[in-house]
Amino acid sequence: MNYFLSIITGYLLGSIPTAYLVLKRMKGIDITKEGSGNVGARNSYDVTKSKLLSASVLFIDMLKGFASVLIVQQLIGIEYLYSVLALIGAVFAHCYSPWLKFKGGRGLATAFGGSVLFVYSIPIIWILFWSVAYLFRKHIHFSNIAATILTGAIAISSSDILNKYTKQSAEEDWIFGVTVAIVMVIIMSRHIEPFKEWFFSQNRKSIRDENETI
């Protein structure tokens, strides 16, 4: 029952469509129909050009993950599985909000907000991978995708090491690796479309460059 309550707590908090509510209230804009349609901080900025609004969306999205884990820790218990199930529920609901016909954001802010409470090594690793990927390609979506895939891979391959350096260790190393990977898979599922756009744009650029050299 506690595992169920953990994931439901995260799901209910994560499902709050922050960007939709903020932009609808402040600007009368339906963000699901503007820009990329993504219900997150970056599209909020692209649509409104307001740093204040986009920063507010980012902060609240992070708070959803943070609050989900904190509430579960305080009311249910400080156990790895309780915390990670709350985080999984929050990230999934943020990415696929039932209030927006299962549209949502990309999950990064919510995942970051919750993970710093109990698996702080994961956001640190993700940021390091992102920084290297951005230096390599100078493209945000490419960096997001690369960092997410690599973080999930290292969480599984090095779960025996990373599980030791967490505030709340999982009972088994494989549980740590699999649950972190689940969060990364959810995030990746919302990056498929921007990845396709980036990939095809790179192909078009390569073809154009080839034609120019002929």
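Provided above is the structure to which this section pertains.
These figures come from a predicted structure and were not determined experimentally. (Residues numbered from 1 in each chain as written. Predicted model: local features only at pLDDT ≥ 70, side-chain atom pairs only at ≥ 80, totals over all residues. Heavy atoms only, no water.)

(A) The arrangement of the overall build of the protein in detail. A count of helices and strands for the protein gives 11 helices and 0 strands. In terms of overall size, the protein behaves like a compact globule, its C-alpha atoms giving a radius of gyration of 18 Å where 214 residues would be expected to give roughly 17 Å. Taking the principal axes of its C-alpha atoms as reference, the protein extends roughly 65 × 45 × 25 Å. Taking all 214 residues of the protein together, the buried fraction comes to 46%. Long-range contacts, defined as pairs at least 24 residues apart, comprise 64% of the intrachain contacts of the protein with a sequence gap of at least 6. When the accessible surface of the protein is split by element, carbon and sulfur atoms take 66% of a total near 11600 Å². For the protein, the distance from the average site of its 20 positive side-chain charges to the average site of its 14 negative ones is 10 Å. (Helix = DSSP H or I, 4+ residues; strand = E, 2+ residues; numbered from the N terminus. Rg over C-alpha atoms; globule rule 2.2 N^0.38 Å. Buried < 20%, exposed > 50% of the residue type's maximum accessible area, 1.4 Å probe, protein only. Contact = heavy atoms within 4.5 Å. Areas by Shrake-Rupley, 256 points an atom, 1.4 Å probe, with all protein chains shown as cover. Lys, Arg positive; Asp, Glu negative; His and termini not counted. Charge placed at Lys NZ, Arg CZ, Asp CG, Glu CD.)

(B) Spatial organisation of helix α4 (residues 51–75). The end-to-end C-alpha distance of α4, which contains 25 residues, comes to 35 Å, matching closely the 36 Å that a straight helix rising 1.5 Å per residue would cover. Turning to α4, its buried residues are L53, S54, V57, D61, K64, G65, S68, V69, V72 and Q73. At its buried positions, α4 is contacted by α1 (2–14), α2 (18–27), α3 (41–48), α5 (80–95) and α6 (108–115). Two residues or fewer after α4 comes G77, characterised by a positive phi angle close to 155°. (Expected span 1.5 Å × (residues − 1).)

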